[in-house]
Amino acid sequence: MYFLQLPDYNPLTGVNTNKHGKFPFLSSLSGLFEPAAAFAYQSGFPFERIETDEQQVFYVSEPNLAKVFKNKVTEHNEILLETTRPITEKYTKELIQLFYKGYLSGFENFDREIGLAFPSLDLNHQMEMLEQFMDYCQRDLYFEGFAIPQLLHNLGYIQACLVRAFKEYKNLSLLTIKAEPVQIPKTLPENTSVQALTTDTKSALSKIPLKYPIEDIITIWLVLLDVPQCKSLSLTPEFKAESDVIELLGSMFADISGEHSKLPDSAHRFYELPLDYQPILYLLMHATYKLNYTYTRLSLEEYSKCLKATFSVYDAIELNYMPGNFTKKQPAAIAAIKELENSSYAKNTLKILSKIPNYRITV
């Protein structure tokens, strides 16, 4: 666990917003602040450079904070207080200083957060630990709009730790690592449309029983065929035919409805996918859980285990953090699917998702 010394911080639930009623609420002209997509630490430089009038320089990956800090009050003011009146330049500067004070503290204390044992680890373990740490930081870096001074300080602290971790990660990535060659099973079809390796975990991973109508479950997962067209995500077309998606479902679920099943009894596979698949897979698995829960009463933890055992995008996330991430990633995933206006798969998926009341989807 990290950040245990931060006031108003809980290692299980993250930053505390309980005092939100005492301080202003910020939003944008375009609407309420939404969570960001997954942190893309494997490519590019995912930070916005912020420089104040006092020559203070820092970097921000949380998009809502970046929007507030870069807002031009005197030109085109896009930030609102209490959704009604425009923010002032003076108050914007106050918010930046609260964040910046936490940022400086986090930058200084990164070594303590990552742990004294970190320098003694081998290169591969250091990379793994940094990936896990960055995912942990990203879990808590969400500014909903509550301008609570301690919260802004804490977000600045965590943001600085993320910047330091990313810098360390990129530096280590430049070092030469001699990897052992991967032995691809000879039984893997040469022209498989999904780049997946069959693992020996079929017996270890119990398939999740499904009693909810399997046609609807298949329908929502078929959106995987078109999500690479989402402009807000960076995805490759890993699933190219309906049979690929049904094969995937057959490797994770077992239809116990008693009717003739449309799911094959597929061997379990581990899928190496781009990181931006993470919010989409969170959404599809959570929807499956919500639809199926009335029939099986199976906990969300079992669905989390299945995700982690099946997709590379969850490698660096500890299992006990995954249940809390399902709803946090949900808005971004739904928004991405709504981008696919000309996709029949997306329309059918949204139609099924609208059956889940707390998703608040209208079609």
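Before reading on, note that the structure itself is shown above.
Only a predicted model underlies this, so the values are computations on that prediction, with no experimental measurement involved.

The subject of this paragraph is the nonpolar core. Formed by 111 residues in total, the largest nonpolar core has its most connected members in F3, L26, W221, L224, L281 and F311. The contacts of F311, once residues within four sequence positions are left out, are L248, M252, F270, Y271, L273 and L281.

Moving on to the packing of helix α7 (residues 277-296) against helix α8 (residues 300-310). It is at 10 Å that the axes of α7 and α8 come closest, and there the two elements cross at 140°. Where α7 crosses over α8, the handedness of that crossing is right-handed. For the pair α7 and α8, contact is made by L281, Y282, M285, H286, T288, Y289, N292 and T296 and by L300, Y303, C306 and L307, respectively. Class assignment of the residues belonging to the contact of α7 with α8 gives a composition of eight nonpolar, four polar and no charged.

This part covers helix α9 (residues 322-338). In this model, α9 (17 residues) spans 24 Å end to end at C-alpha, consistent with the 24 Å of a helix rising 1.5 Å per residue. The largest bend in α9 comes to about 40°, at Q330, with the proline P331 one to four residues further on. Within α9 the residues assigned to the buried category are M322, N325, F326, K329, Q330, A333, I334, A336 and I337. On the buried face of α9, the contacting elements are α3 (123-140), α7, α8 and α10 (344-353).

Moving on to the packing of aromatic side chains. For any pair of aromatic rings, the description consists of the separation of the ring centres together with the inter-plane angle of the planes. Inspection of every chain in the model, using the stated rule, returns 31 aromatic pairs. Ring centres of Y2 and F3 lie 6.2 Å apart, and the angle between their planes is 50°; this geometry places the pair in the tilted category. Judged on exposure class, the residue Y2 and its partner F3 are both buried. Look at F58 and Y103: their rings are 5.7 Å apart centre to centre, the planes differ by 55°, and that puts the pair in the tilted class. Within this pair, whereas F58 is found in strand β5 (residues 57-60), its partner Y103 is found in helix α2 (residues 89-114), the two being separated by 45 residues in sequence. Residue Y103 is classed as buried on the basis of its relative accessible area, which comes to 5%. Above the ring of Y136, the side-chain terminus of R139 is found at 4.8 Å from the ring centroid.

To continue, consider the pairing of β5. Burial along β5 is one-sided: F58 and V60 are buried, while V57 and Y59, pointing the other way, are not. As judged from the four bridges shared by strand β4 (residues 48-51) and β5, these two strands associate in the antiparallel manner. Bridged to I50 within β5 is F58. Connecting β4 to the next strand, β5, in antiparallel fashion are five residues, including Q55 with a positive phi near 65°.

The subject of this paragraph is a nonpolar patch on the surface. On the surface, a nonpolar cluster with roughly 360 Å² of combined accessible area is contributed by M1, L4 and L12. Structurally, L12 can be placed in the loop between β1 (9-10) and β2 (14-15).

Let us now look at unusual backbone geometry. Phi at T83 is positive, roughly 60°, even though this residue is not glycine. Mapping T83 onto the fold places it in the loop between β6 (79-81) and β7 (85-86). Look at T83 and you get partly exposed, because its relative accessible area is 45%. Not every positive phi belongs to a glycine, and R360 is a case in point at roughly 55°. Checked against the element boundaries, R360 lands in the segment after α10.

This part covers α8. The set of residues buried in α8 consists of L300, Y303, S304, C306, L307 and T310. Burial along α8 is one-sided: seen end-on, the buried residues are contained in an arc of 160°. The inward-facing, buried residues of α8 contact β9 (208-210), α6 (242-252), β11 (269-271), α7 and α9.

Either a parallel or an antiparallel arrangement is found when strands of a sheet pair, and the pairing is made through backbone hydrogen bonds. Reading across the sheet, the three strands line up as β3-β6-β7 and stay open at both edges, with antiparallel pairing between neighbours. The open sheet has two edge strands, β3 (26-28) and β7, and neither has a second partner. By the bridge criterion, three bridges tie β3 to β6 in an arrangement that is antiparallel. In the sheet register, L26 faces β6, and the bridge partner there is L81.

The rules behind the values
- Residues numbered from 1 in each chain as written.
- Predicted model: local features only at pLDDT ≥ 70, side-chain atom pairs only at ≥ 80, totals over all residues.
- Heavy atoms only, no water.
- Core = buried A, V, L, I, M, F, W, Y, C linked by side-chain atoms within 4.5 Å.
- Buried < 20%, exposed > 50% of the residue type's maximum accessible area, 1.4 Å probe, protein only.
- Contact = heavy atoms within 4.5 Å.
- Axes fitted to C-alpha atoms, helices over the stretch in contact; angles between N-to-C directions.
- Helix = DSSP H or I, 4+ residues; strand = E, 2+ residues; numbered from the N terminus.
- Left-handed = near helix turned anticlockwise from the far one by under 90°.
- Nonpolar A, V, L, I, M, F, W, Y, C, P; charged D, E, K, R; others polar.
- Expected span 1.5 Å × (residues − 1).
- Bend = angle between axes of the 7 residues up to and from the residue.
- Phe/Tyr/Trp six-rings, centres within 6.5 Å; stacked < 30°, edge-to-face > 60°.
- Lys NZ or Arg CZ within 6 Å of the ring centre and 35° of its normal.
- Pairing = 2+ DSSP bridges.
- Patch = residues over 30% accessible without salt bridge, like charges linked within 9 Å, V, L, I, M, F, W, Y side chains within 5 Å.
- Areas by Shrake-Rupley, 256 points an atom, 1.4 Å probe, with all protein chains shown as cover.
- Salt bridge = Lys/Arg side-chain N within 4 Å of Asp/Glu carboxyl O.
- Arc of directions from axis to C-beta.

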